[in-house]
Amino acid sequence: MSLKPIHVIGGGLAGSEAAWQIAEAGVPVVLHEMRPVRGTDAHKTDGLAELVCSNSFRSDDSSSNAVGQLHWEMRRLGSLIMAKGDAHQVPAGGALAVDRDGFSQAVTAAIEAHPLITIDRGEIAGLPPAEWDSVIIATGPLTSPALAQGIQSLTGESELAFFDAIAPIVHFDSVDMDKAWFQSRYDKPGPGGTGADYINCPLDRDQYEAFIDALLAAEKTEFKEWEGTPYFDGCLPIEVMAERGRETLRWGPMKPVGLTNKHNPTVKAHAVVQLRQDNALGTLFNMSGFQTKLKYGEQAAIFRMIPGLQNAEFARLGGIHRNTYLNSPKLLDPMLRLKADLRLRFAGQITGCEGYVESAAIGLLTGRLAAAERLGQPLDIPPATTALGALVNHITGGHIVTIDEGPRSFQPMNVNFGLFPHIEGVSKTGPDGKRLKGPAKSLARKQALTARAKVELEAWAGGEAAQAAE
Ligand SMILES: Cc1cc2nc3c(=O)[nH]c(=O)nc-3n(C[C@H](O)[C@H](O)[C@H](O)COP(=O)(O)OP(=O)(O)OC[C@H]3O[C@@H](n4cnc5c(N)ncnc54)[C@H](O)[C@@H]3O)c2cc1C
């Protein structure tokens, strides 16, 4: 029986991996890549899976690092991106870094040589033709404008963003609740809230002034020329607000009104930083209104000046970049299909993950889902206890959309342990019988999470193989 091809649009990290997975499952693929016919502002070659900036796939430690665990899962599932990354690695300590040209050439050669893959060099300049019944859109942060417009015609204008505006995200268990407290302004519950939904961190006058001084002195990242300057008043970086006046933040995201410090009820805070729950698990909180272009190296030290955040561990630092991405929790179903047109699946950074490895991982899964559907062997997504499942869960369901009114809060995210469900039964003592504390306790938890992820991924992969054999 000859199968109709699946069309993959975009031959970047996600599209190349998706095409490979589909072809390896025995289903024909047409991979549409617009370079070199039409370029992007960041890509420089016509190679598939070009790395546009750093050459690092980050930590390769699969026992205590979430992206290392994702590497492990992808290798286990036959990832082309990981295989060629491993074959072209360059020395980088505990990280996996690759020779970018050798890597991209090897991915291109493998795809070109696959008998079930056809490469079509050309832009898809609008919605895919109606006769394409299964399509994966993996066109990345720099999706061409004509296709972006087509997508917007299905999603609505406000649901496809062209810039991210990322506020830092903190692991809840690193917040000092002896200094901070839970309360919503004026105890208002808002839709889906309880009246005590925000973590509040109080600053006195001296602390506020020192914080503003640090913001003004810190180094900022510049926009690239082609990005333009996307600021609009509802979404200014905190350092730009501070430059507009020392009191601006106190009248904006740091306003101290409607709140009573439960640790010190008679003293009014001079300013308050609020953190809003970010994921349904309650493990991550974002710093409300704190989008920033401060250099990464500056951010942790400056934010740790805030009482309650002195030991904060960050799941994500802030940033503002040119980035085309969907409001996925609203638009995509759990199988990464567009609810408004189920023949269209999305993969890669356009879904709201961040980074080369994460984009390829979502490409891997989407390719498998599309191939399984074509073969009449529907596949479940991996459990949220795996790195792959945790990442998909962030994209399609784990993120809390709103507690109160305000700009939409879904922002791109790297894989991190805050996305994994809580684990019971982590040993509280070390081999010497002494109680684990601080970094040793955190390490034990990470090791338990990755051990559980490996077992669950194996079970999922085994189930997948059994389904295919039926
Ligand atoms: C300037 C910049 C720097 C970055 N630096 C890093 C970094 O250092 N580390 C990191 O992990 N991540 C970085 N990223 C994010 C990185 O781009 C993604 O993690 C990754 O490349 C996303 O993979 P993807 O497959 O989703 O998109 P891409 O790899 O961008 O692939 C998308 C492909 O789709 C093609 N395309 C677009 N529109 C069409 C169309 N209409 N028809 C046909 N083809 C089309 C493009 O030419 C491109 O080849 C950076 C992004 C940018 C923009």
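Residues numbered from 1 in each chain as written. Predicted model: local features only at pLDDT ≥ 70, side-chain atom pairs only at ≥ 80, totals over all residues. Heavy atoms only, no water.

The chain goes by Methylenetetrahydrofolate--tRNA-(uracil-5-)-methyltransferase TrmFO in an unreviewed UniProt entry, where it is assigned to Bosea caraganae. Turning to the chain, the UniProt annotation filed under Subcellular location (unreviewed entry) states: "Cytoplasm". Under Cofactor (unreviewed entry), UniProt gives the following word-for-word description of the chain: "FAD". (UniProt positions renumbered as here; feature names shortened; annotations may be inferred.)

On to the UniProt feature "binding site: FAD" (unreviewed entry) in the chain, then. When the UniProt feature table is mapped to this numbering, "binding site: FAD" (unreviewed entry) covers Gly-10, Gly-11, Gly-12, Leu-13, Ala-14 and Gly-15. Mapped onto the secondary structure, Gly-10 falls in the loop between strand E1 (6-9) and helix H1 (13-24). Setting aside chain neighbours within four positions, we find Gly-10 in contact with Gly-15, Ser-16, Leu-31, His-32, Glu-33, Ala-138 and Thr-139. Its place among the elements puts Gly-11 in the loop between E1 and H1. Once you skip the residues sitting within four places of it in the chain, Gly-11 turns out to touch Ser-16, Leu-31, His-32, Glu-33, Arg-35, Leu-48 and Ala-49. (Helix = DSSP H or I, 4+ residues; strand = E, 2+ residues; numbered from the N terminus. Contact = heavy atoms within 4.5 Å.)

This next bit is on the environment of Glu-424. Assignment of secondary structure puts Glu-424 in the loop between helix H11 (387-398) and helix H12 (438-469). Measuring from C-alpha to C-alpha, the distance between Glu-424 and Ala-448 comes to 9.2 Å, with 24 residues separating the pair along the chain.

All right, on to the sheet that holds strand E5 (residues 95-98) then. Judged by pairing direction, the sheet is antiparallel, and its three strands sit side by side in the order E3-E5-E4 without closing on themselves. The open sheet is flanked by strand E3 (56-59) and strand E4 (89-90), the only strands paired with a single partner. Direction of pairing for E4 relative to E5: antiparallel, over a ladder of two bridges. Bridge assignment links Gln-89 to a residue of E5, and that residue is Val-98. With respect to the sheet, helix H2 (residues 66-76) is in contact with E3 and E5, its orientation differing from that of E3 by roughly 115 degrees. Lying over the sheet, helix H3 (residues 80-87) contacts E3, E4 and E5, oriented at roughly 85 degrees with respect to E5. (Pairing = 2+ DSSP bridges. Axes fitted to C-alpha atoms, helices over the stretch in contact; angles between N-to-C directions.)

What surrounds the ligand is a group of 31 residues, the closest being Ala-14, Glu-33, Arg-35, Gln-349 and Gly-355. Note that an oxygen atom of the ligand is positioned 2.6 Å from one of the side-chain N or O atoms of Glu-33. The backbone of Ser-54 places a nitrogen or oxygen atom 3.2 Å from an oxygen atom of the ligand. Among the residues making up the shell around the ligand, the classes are represented as 12 nonpolar, 16 polar and three charged. (Near = heavy atom within 4 Å. Polar contact = N/O pair within 3.5 Å; in protein donor to acceptor, adjacent residues only side chain to side chain. Nonpolar A, V, L, I, M, F, W, Y, C, P; charged D, E, K, R; others polar.)

Let us now look at the domain arrangement of the chain. Often, the extent of an interface is quoted as the loss of accessible area upon association of its parts. For the chain, the assigned domains are domain 1 (6-159 + 326-398) and domain 2 (165-319). A separation of 33 Å is found between the C-alpha centroids of domain 1 and domain 2. Each side of the interface is counted separately: domain 1 has four residues, and domain 2 has four residues. At the boundary of domain 1 with domain 2, total buried surface from both sides reaches about 370 Å², with 59% on carbon and sulfur atoms. Our count for the domain 1 to domain 2 interface comes out at zero salt bridges. Along the contact surface separating domain 1 from domain 2 lie zero residue pairs in polar contact (both at pLDDT 80 or more). Here the residues of the side of domain 1 that touches domain 2 are counted per class, giving two nonpolar, one polar and one charged. (Domains from an automatic or database assignment. Buried area = accessible area lost by both parts, 1.4 Å probe. Salt bridge = Lys/Arg side-chain N within 4 Å of Asp/Glu carboxyl O.)

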